[in-house]
Amino acid sequence: MVEMNCYGRRLRRTGPEQLNSRNDLVSPPQHSRVNGWSLPLHTFQIVALLFYTYLAIVGFGIYIPLLPHGWKYAAYAVIGVLFAHHLVAHLVAITIDPADQNVLAKKNYSSPMPVFDRGKQKHVIQNQHCYLCEVDVGPKAKHCSACNKCIADFDHHCKWLNNCVGGRNYWFFFNAVASAVLGVFLLILVILYVFIQYFVNPAELRTAPQFERVIENNTWLAFLPVAPAETTAAGILAIAVITVLLGMASLLLLGHLLIFHLYLLGKKLSTFEYMTEQRRTQNTRDPESDVEITENTSVRMDPLQVGSCSPPASRNPSSFWCL
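Since this is a predicted model, take the numbers as computed values, not measurements.

## Remarks on the overall build of the protein
- Helix and strand counts for the protein come out as seven helices and eleven strands.
- Across the 323 residues of the protein, 47% fall into the buried class.
- Of the contacts formed within the protein by residues at least 6 apart in sequence, a portion of 68% connects residues at least 24 apart.
- Of the roughly 16300 Å² of accessible surface on the protein, 62% is carried by carbon and sulfur atoms.

Here you go:
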């Protein structure tokens, strides 16, 4: 891998998107976004919160209560802590404003963003000054086109949070991913145990006192012990299959993302630095590609300079979750 300085002056320059000539104007969204709760909410963000709610209801309402007495309370404690930790970290990562300190100091989110004039400046950020935010920024800051502001220690823009991940909220993002992986993994084990035990010895799953009144029939109970609701064995098994399939799919993607960020932490790189380095390596191997990118900088923003993590999935393991 080619050694490089990701924060060299040339690479810190950001050009505008979709220009037809050198004198065209690029008008960003009227206002910068404050955090992940700024409207419009992203579909991925809503899906993530709904999926978390589904797993919590199914796990704590149906399957954990069916565990044998000793394992039941251990599962409540361990999985409960992981789910609570994930929810807090996830919400904090959404809520924190990851903007550069000088952008925060201006507090002008209610004011429209200035229009970038290609005829006056060639780059959005040049010599650590952002011509859109109109402030000096840190050496690792990037101007995110989605949030329309400069992000301190920029890592990537995550659609699942509907927010940028930077220095101010990276560890909350990382904790949300790690706790999600562990929580989903343990919940899948619980559901698989219930599923298998039903065919081996279903009596082991019917030890709750509420089952005494339905011991003579094939009725099963959900949402024990607070609000027992009668259901069927077929319903319990069908939901188990659906939940395990969904859980394994999310575990595959989340696990991939967690391993990728563990790799980045080991290398002391951000997602943006990794992308930049990978593209530089590719261009070194393919000089014609580098020439093509250089020639096209007048009509579009170079992918290396975009404030988001959306390269081809084969190059960026986190592209499934943070685009």
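Following the structure, the description resumes.
## Overview of the confidence of the model for the protein
- The predicted model of the protein has a mean per-residue pLDDT of 82, with 79% of residues at 70 or higher.
- Mean pLDDT values over the elements of the protein span from 42, in strand β1 (residues 25–26), up to 98, in helix α4 (residues 170–200).
- Contacts for the low-pLDDT stretch residues 290–323, under 50 throughout, to residues beyond four places or in other chains number 84 contacts.

## Thoughts on the UniProt feature "transmembrane region" (unreviewed entry) in the protein
- Per the UniProt record, "transmembrane region" (unreviewed entry) is found at residues 46–67, 73–96, 170–196 and 233–265.
- Within the segment residues 73–96, helix and strand shares are 96% and 0% respectively, and the terminal C-alpha atoms sit 34 Å apart.
- Secondary structure within residues 233–265 divides into 100% helix and 0% strand; the distance between the first and last C-alpha atoms comes to 46 Å.

## Points about the sheet that holds strand β3 (residues 125–126)
- Taken together, three strands build an open sheet; the order of strands is β3-β4-β5 and the sheet is antiparallel. The outermost strands of the open sheet, each flanked by one partner alone, are β3 and β5 (135–136).

## Some points on the packing of helix α1 (residues 43–63) against helix α5 (residues 233–267)
- In contact at an axis separation of 11 Å, α1 and α5 are set at 140 degrees when each is read in the N-to-C sense. As summarised for this structure, α1 and α5 are arranged oblique, according to the angle between their axes. Like other packed secondary-structure pairs, α1 and α5 cross with a definite hand, here left-handed. Note on element contacts: α5 touches α1 through Ile236, Ile239, Ala240, Ile242, Thr243, Leu246, Gly247 and Ser250, opposite Phe51, Tyr54, Leu55, Val58, Ile62 and Tyr63.
- A class-by-class count of the residues in the contact of α1 with α5 yields eleven nonpolar, three polar and no charged.

## Looking at the nonpolar core
- In terms of nonpolar packing, the biggest core is built from 46 residues, with Tyr63, Leu66, Leu161, Phe173, Phe211 and Trp220 touching the most fellow members.
- For this core, the secondary-structure elements that each account for two or more residues are α1, α2 (69–95), α4, β10 (220–222) and α5.
- When sequence neighbours within four positions are dropped, the list of residues in contact with leucine 161 reads Gly36, Gln45, His90, Ala93, Ile94 and Phe173.
- Ala99, Val103, Val124 and Cys150 belong to the second largest nonpolar core, which has 15 residues in total.

## Some details on the packing of aromatic side chains
- Here the structure, examined in full by the defined rule, presents 16 aromatic pairs.
- Ring centres of phenylalanine 60 and tyrosine 76 lie 6.4 Å apart, and the angle between their planes is 15 degrees; on these two criteria the pair is classed as stacked. Here tyrosine 76 lies in helix α2 and phenylalanine 60 lies in helix α1, a separation of 16 residues in the sequence.
- You can call phenylalanine 60 partly exposed: its relative accessible area is 24%.
- Residue tyrosine 76 is classed as partly exposed on the basis of its relative accessible area, which comes to 26%.

## Brief notes about the side chain of histidine 90
- The residue histidine 90 is located in helix α2 in this model.
- Judged by relative accessible area, histidine 90 falls into the buried class, the value being 8%.

## A closer look at the packing of α1 against α2
- Running from amino to carboxyl end, α1 crosses α2 at an angle of 165 degrees, the nearest separation of the two axes being 12 Å. When the axis of α1 is compared with that of α2, the two are roughly antiparallel. Seen from above, α1 lies across α2 with left-handed handedness. The residues of α2 that touch α1, namely those facing Gln45, Ala48, Leu49, Tyr52, Leu55, Ala56 and Phe60, are Tyr76, Ile79, Gly80, Phe83, Ala84, His86, Leu87, His90, Leu91 and Ile94.
- Grouping the constituent residues of the contact of α1 with α2 by class yields 13 nonpolar, four polar and no charged.

## What to know about the pattern of salt bridges
- Counted according to the given criterion, the structure contains three salt bridges.
- Between aspartate 97 and lysine 149 there is a salt bridge; the shortest N-O distance is 2.6 Å. Here aspartate 97 is found in the loop between α2 and α3 (101–106), whereas its partner lysine 149 is found in strand β7 (residues 149–151), with 52 residues between them in sequence. Each member of the pair, aspartate 97 together with lysine 149, is buried.

## Examining α5
- Here α5 contains 35 residues, and its C-alpha end-to-end distance of 50 Å stays within 8% of the 51 Å for a straight helix at 1.5 Å per residue.
- The positive-phi residue at the C-terminal boundary of α5 is lysine 268, with phi of around 60 degrees.

## Details of unusual backbone geometry
- With an omega of 0 degrees, the peptide bond between leucine 39 and proline 40 qualifies as cis.
- Take proline 40: it is sitting in the loop between β1 and α1.
- Along the chain, leucine 224 connects to proline 225 via a cis peptide bond; the corresponding omega equals -10 degrees.
- Along the chain, proline 225 turns up in the loop between β10 and β11 (229–231).
- A positive phi angle, close to 60 degrees, is found at glutamate 134, a residue other than glycine.

Basis of the calculations
- Residues numbered from 1 in each chain as written.
- Predicted model: local features only at pLDDT ≥ 70, side-chain atom pairs only at ≥ 80, totals over all residues.
- Heavy atoms only, no water.
- Helix = DSSP H or I, 4+ residues; strand = E, 2+ residues; numbered from the N terminus.
- Buried < 20%, exposed > 50% of the residue type's maximum accessible area, 1.4 Å probe, protein only.
- Contact = heavy atoms within 4.5 Å.
- Areas by Shrake-Rupley, 256 points an atom, 1.4 Å probe, with all protein chains shown as cover.
- pLDDT = per-residue confidence, 0-100.
- UniProt positions renumbered as here; feature names shortened; annotations may be inferred.
- Pairing = 2+ DSSP bridges.
- Axes fitted to C-alpha atoms, helices over the stretch in contact; angles between N-to-C directions.
- Parallel < 35°, antiparallel > 145°, perpendicular 65-115°, else oblique.
- Left-handed = near helix turned anticlockwise from the far one by under 90°.
- Nonpolar A, V, L, I, M, F, W, Y, C, P; charged D, E, K, R; others polar.
- Core = buried A, V, L, I, M, F, W, Y, C linked by side-chain atoms within 4.5 Å.
- Phe/Tyr/Trp six-rings, centres within 6.5 Å; stacked < 30°, edge-to-face > 60°.
- Salt bridge = Lys/Arg side-chain N within 4 Å of Asp/Glu carboxyl O.
- Expected span 1.5 Å × (residues − 1).

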